[in-house]
Amino acid sequence: MPDQQTIRDGEQSVETDHPTDAALRFIGRINTPWRRRADCPRQGRPDGPECTIEIFEPWGPALRGLERYDRIEVLYWLHHSRRDLVLQNPAHDGQLFGTFALRSPVRPNPIGTAMVSLVALQGLLLTVRGLDCLDGTPLVDIKPDRCAFSPKAPPKPGS
Ligand code: SAM
């Protein structure tokens, strides 16, 4: 159910077309202990609870080699967010911030990202720590930690 909660003081929404300019393919489902947004941490922590990420077929082979990384980046779709605010009042105190100056889940394309510890990878199931999203949040992508990653492709000029 999208978050159509009452707008806060000073917040500004805009009229937008129904977005059609990119089609995402959800590649899995994130399982966490949190059923309500109010219970989710604002940002995941390394000592947060173990959560699991189920990868949907046919994407299983895409996990090959991921087990080499202790930390991975997870991108997810904050599917209960409203998407039309340009100004937000996160503390309810009248102080306004532009959406792109926040990590709020409310954004035109509600993509969440988290660097998480990879605890285990068994078949299509990853166990991780460091998430902050609702149970059932759709998975958009997984990438190795950019600091630990070295490019597998030949070097390019300037890199
Ligand atoms: N770590 C991500 C980031 O920085 O891109 C997300 C941060 S956002 C502040 C995390 C908050 O989004 C949670 O505390 C919860 O209130 C909300 N949230 C979590 N899962 C959501 C979902 N599936 N749909 C909408 N809101 C969600």
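Just so you know, these numbers come straight off a predicted model, no measurement behind them.

Peer 1: Please explain the site of the ligand as it appears in this structure.
Peer 2: Contacts to the ligand come from 18 residues, most closely from Pro41, Gln43, Arg103, Thr113 and Asp132. Contacts to the ligand include proline 41, whose backbone N or O atom sits 2.7 Å from an oxygen atom. Between leucine 134 and the ligand, the recorded distance is 3.0 Å, taken from a backbone N or O atom to a nitrogen atom. Coverage of the ligand by the protein chains reaches 92% of its 600 Å² of free accessible surface. Classifying every residue of the shell around the ligand by side-chain character gives seven nonpolar, seven polar and four charged.

Peer 1: Can you walk me through the pairing of strand S7 (residues 111-122) in this structure?
Peer 2: Looking along a regular strand, one sees side chains alternate from face to face of the sheet. Judged from the seven bridges that link them, strand S4 (residues 71-77) and S7 form a sheet pairing that is antiparallel. Considered in S7, the bridge of isoleucine 72 is made with valine 116. In terms of strand pairing, S7 meets strand S8 (residues 125-129) through five bridges, oriented antiparallel. Pairing of alanine 120 across the sheet is with threonine 127, part of S8. Taking the residues that link successive antiparallel strands as the turn, the S7-S8 hairpin has two residues, and the phi of glycine 123 there is positive, at about 60 degrees.

Rules and cut-offs
Residues numbered from 1 in each chain as written. Predicted model: local features only at pLDDT ≥ 70, side-chain atom pairs only at ≥ 80, totals over all residues. Heavy atoms only, no water. Near = heavy atom within 4 Å. Polar contact = N/O pair within 3.5 Å; in protein donor to acceptor, adjacent residues only side chain to side chain. Areas by Shrake-Rupley, 256 points an atom, 1.4 Å probe, with all protein chains shown as cover. Nonpolar A, V, L, I, M, F, W, Y, C, P; charged D, E, K, R; others polar. Pairing = 2+ DSSP bridges. Helix = DSSP H or I, 4+ residues; strand = E, 2+ residues; numbered from the N terminus.

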